[in-house]
Amino acid sequence: MKEITLEEYTQALLNEKGRKEVIHDLKELMNSKGWKVLCLYLNQEKDALQIDMDDINKEMGFDELQKIRIRLYYIKDMLGMPETFIKDLSEIEDTEIPSEVY
């Protein structure tokens, strides 16, 4: 698989064809075994953190509770990131600059 640079990625977002390619790549990621393994791990981590946070018998300071909340937030964000990114890319209008401007 060819590595993509930031410049190539930025250019891809400027037109519908490029965005569709990025969306395709993200969908391939979501269907990959590696992503599914990562999701399993993150969901286990999320469940364990939620159990810790909900345990009324466990002494926990505000700072520790806040760290758990922050970790939960980022885990949930990461799990939903490909779908959110696909949705956002699907809603972008073409921003290609007409050639006559140059």
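Here, the structure is the one placed above.
So, here's what we can say about the structure. For clarity, every value in this text was computed on a predicted model and none was experimentally measured.

Here we look at the pattern of salt bridges
1) Next: Considering all chains together, one arrives at 5 salt bridges under this definition.
2) Next: As a salt-bridge pair, Arg71 and Glu45 come within 2.3 Å of each other at their nearest N and O atoms. One end of the pair, Arg71, is in helix H4 (residues 62-90); the other, Glu45, is in helix H3 (residues 33-54), and 26 residues separate them in sequence.
3) Next: Accessibility expressed as a relative area gives 43% for Arg71, which makes it partly exposed.

Overview of the packing of aromatic side chains
1) Next: With the rule as written, the count across this model stands at 2 aromatic pairs.
2) Next: Here the aromatic rings of Tyr9 and Phe85 are separated by 6.4 Å at their centres, their planes lie at 45 degrees, and the arrangement is tilted. One end of the pair, Tyr9, is in helix H1 (residues 6-12); the other, Phe85, is in helix H4, with 76 residues separating them in the sequence.
3) Next: Its relative accessible area of 28% is what places Phe85 among the partly exposed residues.

Thresholds, definitions, all that
Residues numbered from 1 in each chain as written. Predicted model: local features only at pLDDT ≥ 70, side-chain atom pairs only at ≥ 80, totals over all residues. Heavy atoms only, no water. Salt bridge = Lys/Arg side-chain N within 4 Å of Asp/Glu carboxyl O. Helix = DSSP H or I, 4+ residues; strand = E, 2+ residues; numbered from the N terminus. Buried < 20%, exposed > 50% of the residue type's maximum accessible area, 1.4 Å probe, protein only. Phe/Tyr/Trp six-rings, centres within 6.5 Å; stacked < 30°, edge-to-face > 60°.

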